[in-house]
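Report on the structure
Take a look at the letters that make up each chain.
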Amino acid sequence: MASANFAKMINEDKRSSRFGCCMFAHLFNYLQRMPGIFLAYVPHRASGDSQGSWRRRASAANSNGAPWCRRTSSMLHSPTLTTPSEPPALFAWRAALLFCAPMMANGIGLLYLPVLLHDLGMTDVEIGIIVSIPFLVRMIGMPIGAALADRVSDRAMVMIWSAVVSLATAVMMLFAGSFWPIALFYSIQNLFYSPFVPIAESILVSGVRRWGFDYGLLRLWGSVAFVASTLLGGWLLELYGGAMVLPTMVIFFALNLVIAVAAPRLGRAAPVARPVSDDHVARRNPFWQADFLLVIVGAAIVQGSHGLLFAFATNYWTSRGISGVEISFLWTAGVAAEILLFYLSGR
């Protein structure tokens, strides 16, 4: 993420849902250019904070006018928005839970669905096609869901409908036993499910910007939930094989709906005027900047490698005699490093 564009995107609450879709790509480039940004985050309990959340404290460099501190200040405190003095009740808990349920569903669907497809007698080509569906349809579902989230009375409403359709299609997949019905229902599911996490991301970023919550400390609970569901899935795979996949997904999508209903309500995203300064940067389309395009290419390569693993790693390890529990530990090794990164990002 480029620093000026990153600051502008967080500052524009109206576009925060779209920002969630490419949060990590932008964040990588931003941190690459501004490695000192994390030094501005130290944990402490704000006086009178009923939620006991981690609060952001500006570094001493903020007082001497360092450029990155000015950008960070502007992205966390937008003068063009009317910000409530206090966050919604239990905002930190509710925002963290928004990442738990979808990550638990992902921990089962992404990693163990290929086992079920293999048990149903599908070929490697058919398995590869079905596993690639989420990566394809999200290019349609994410921008449409983000646009709707910017226009409805509250962006959480889009999350609720996303959870409802995801649950309904998961139930329908229980009765599908061949390639085309599964491909159809899985496509519909991921088309509606794809905006869920980006919108949850936008809610969390709004909390970071408006009330100074620690992004990493709240976001890491999604990774913890992913690890828990992956370990659970490995244990269930050992007991029941691929037959456990769809019932478990139904349970987690139902939990997804409950958490979406309980999501913090921040109201309609408010439009923010463009900064009058730095007109040259404001006129440029950030998408066509060379550094941003390089990040997109790098992210695409990473996603491609993940897709290959998601499609065939579990079946390959199973064929080599590795147990379901051992497979779950293999999947969670990398996520443990992600949890550590999120935890340390606020220090």
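Focus on the overall build of the protein
- Counting secondary structure elements, the protein contains 14 helices and zero strands.
- For the protein, the sequential pattern of α-helices and β-strands runs α-α-α-α-α-α-α-α-α-α-α-α-α-α.
- The buried share of the protein, taken over its 347 residues, is 51%.
- Contacts in the protein between residues at least 24 apart in sequence constitute 80% of all its contacts with a sequence separation of at least 6.
- Entry remark: accessible area of the protein is about 16,300 Å², with carbon and sulfur atoms responsible for 70%.

A closer look at the nonpolar core
- Core analysis: the biggest nonpolar cluster contains 80 residues, and Tyr 112, Ile 130, Met 159, Val 245 and Trp 331 have the highest contact counts within it.
- Apart from residues lying up to four places away in sequence, Tyr 112 is in contact with Gly 107, Thr 230, Gly 233, Gly 234, Leu 237, Met 244, Val 245, Thr 314, Ser 328 and Trp 331.

Concerning the pattern of salt bridges
- Taken as a whole and judged by the stated rule, the model has one salt bridge.
- Arg 219 serves as the salt-bridge partner of Glu 201, at 4.0 Å between the closest nitrogen and oxygen. Pair noted here: Glu 201 is in helix α9 (residues 196–211) and Arg 219 is in helix α10 (residues 215–240), with a separation of 18 residues, a long-range link.
- The class of Glu 201 is buried, set by a relative accessible area of 1%.

Here's the deal with the packing of helix α7 (residues 156–173) against helix α11 (residues 245–261)
- Their axes nearest at 9 Å, the elements α7 and α11 cross at an angle of 165°. As far as their axial angle goes, α11 and α7 are roughly antiparallel. For the pair α7 and α11, the sense of crossing is left-handed. The residues of α11 that touch α7, namely those facing Met 159, Ile 160, Ala 163, Val 164, Ser 166, Leu 167, Ala 170, Val 171 and Met 173, are Leu 246, Val 250, Phe 253, Ala 254, Asn 256, Leu 257, Ala 260 and Val 261.
- When its residues are assigned to classes, the contact of α7 with α11 shows 15 nonpolar, two polar and no charged.

Overview of a nonpolar patch on the surface
- The grouping of Leu 136, Met 139, Ile 140, Ile 144, Leu 148, Leu 184, Ile 188, Leu 191 and Phe 192 at the surface amounts to a nonpolar patch, some 830 Å² of accessible area in total.
- No other element matches the five residues that helix α6 (residues 124–149) contributes to the nonpolar patch.
- Take Met 139: its relative accessible area is 58%, and that puts it in the exposed class.

Some words on the confidence of the model for the protein
- When pLDDT is averaged across the protein, the result is 76; 70% of the residues are at 70 or more.
- Within the model, pLDDT remains below 50 along residues 1–82, and this stretch shows 169 contacts once partners closer than five positions in the same chain are excluded.

Some words on the packing of aromatic side chains
- Tallying each qualifying case throughout the model produces eight aromatic pairs.
- With centroids separated by 5.7 Å and ring planes inclined at 65°, the aromatic side chains of Phe 91 and Trp 211 adopt a geometry described as edge-to-face. In this pair, Phe 91 sits in helix α5 (residues 91–119) while Trp 211 sits in helix α9, placing the two residues 120 residues apart along the sequence. Side by side, Phe 91 and Trp 211 carry an identical accessibility label, which is buried.
- Taking the centre distance of 5.3 Å and the plane angle of 90° together, the rings of Tyr 193 and Phe 253 count as edge-to-face. Placement of Tyr 193 in helix α8 (residues 179–193) and of Phe 253 in helix α11 is noted, with a sequence separation of 60 residues between them. As far as the burial class goes, Tyr 193 and Phe 253 line up, both buried.
- Members of the aromatic cluster, joined through ring pairs, are Phe 135, Phe 310, Trp 317 and Trp 331.

Structural notes on the environment of Ile 188
- Take Ile 188: it is sitting in helix α8.
- What makes Ile 188 partly exposed here is its relative accessible area of 31%.
- Sequence separation of Ile 188 and Gly 141 is 47 residues, and the distance between their C-alpha atoms is 9.7 Å.
- Contact partners of Ile 188, with chain neighbours within four places excluded, come to Val 165 and Thr 169.

Quick look at α10
- Taking 1.5 Å of rise per residue, the 26 residues of α10 would be expected to cover 38 Å, and the 38 Å separating its terminal C-alpha atoms lies within 8% of that figure.
- One side-chain oxygen at the N-terminal end of α10 lies 3.0 Å from the backbone nitrogen of Gly 216; it belongs to Asp 214.
- Remark: Gly 241 follows α10 within two positions and exhibits a positive phi of approximately 70°.

Quick notes on α11
- Over its 17 residues, α11 runs 25 Å from end to end, which matches the ideal 24 Å to within 8%, given 1.5 Å per residue.
- Buried within α11 are the following residues: Val 245, Leu 246, Thr 248, Met 249, Val 250, Phe 252, Phe 253, Asn 256, Ile 259 and Ala 260.
- Along its buried surface, α11 packs onto α5, α7, α8, α9 and α10.

The rules behind these values
Residues take numbers from 1 onward in each chain, read along the sequence in its written order. Side-chain atom pairs in this predicted model are given and counted only at pLDDT of 80 or more, local residue features only at pLDDT of at least 70, and totals for whole chains, interfaces and linings cover all residues. The side-chain values count all of the structure's non-hydrogen atoms but skip hydrogen atoms and water molecules. Going along the chain from the N terminus, every DSSP run of H or I of four or more residues is numbered as a helix, and every run of E of two or more is numbered as a strand. Residue exposure (1.4 Å probe, protein chains only): buried if accessible area is under 20% of the type maximum, exposed if over 50%, otherwise partly exposed. Two residues form a contact once any of their heavy atoms are found within 4.5 Å. Calculation of accessible area relied on Shrake-Rupley with a 1.4 Å probe; when residues are assessed, cover is drawn exclusively from the protein chains displayed. Put simply, buried Ala, Val, Leu, Ile, Met, Phe, Trp, Tyr and Cys residues joined by side-chain atoms within 4.5 Å make one nonpolar core. Salt-bridge detection follows one rule: a side-chain nitrogen of Lys or Arg within 4 Å of a carboxyl oxygen of Asp or Glu. Here an axis means a line fitted to C-alpha atoms, over the contact stretch when the element is a helix, while the angle between two N-to-C directions is reported on a 0 to 180 degree scale. Orientation categories follow fixed angle ranges, with anything under 35 degrees roughly parallel, anything over 145 roughly antiparallel, 65 to 115 roughly perpendicular, and all other angles oblique. Two helices crossing with the near one rotated counterclockwise from the far one by less than a right angle form a left-handed crossing, whereas a clockwise rotation gives a right-handed crossing. Residues are grouped as follows: nonpolar covers Ala, Val, Leu, Ile, Met, Phe, Trp, Tyr, Cys and Pro; charged covers Asp, Glu, Lys and Arg; every other residue, Gly included, is treated as polar. Exposure above 30% relative accessible area and the lack of any salt bridge qualify a residue for a patch; like charges then connect within 9 Å, and the nonpolar side chains Val, Leu, Ile, Met, Phe, Trp and Tyr within 5 Å. In predicted models, pLDDT denotes the confidence assigned by the predictor to each residue on a 0 to 100 scale. Here is the rule: rings of Phe, Tyr and Trp (six-membered ring for Trp) pair when centre to centre is within 6.5 Å. Planes less than 30 degrees apart are stacked, more than 60 are edge-to-face, and the remainder are tilted. Expected helix span is computed as 1.5 Å times (number of residues minus one). Nitrogen and oxygen atoms within 3.5 Å of one another constitute a polar contact, given that in protein one can donate a hydrogen and the other can accept it, and given that sequence-neighbouring residues count only through two side-chain atoms.

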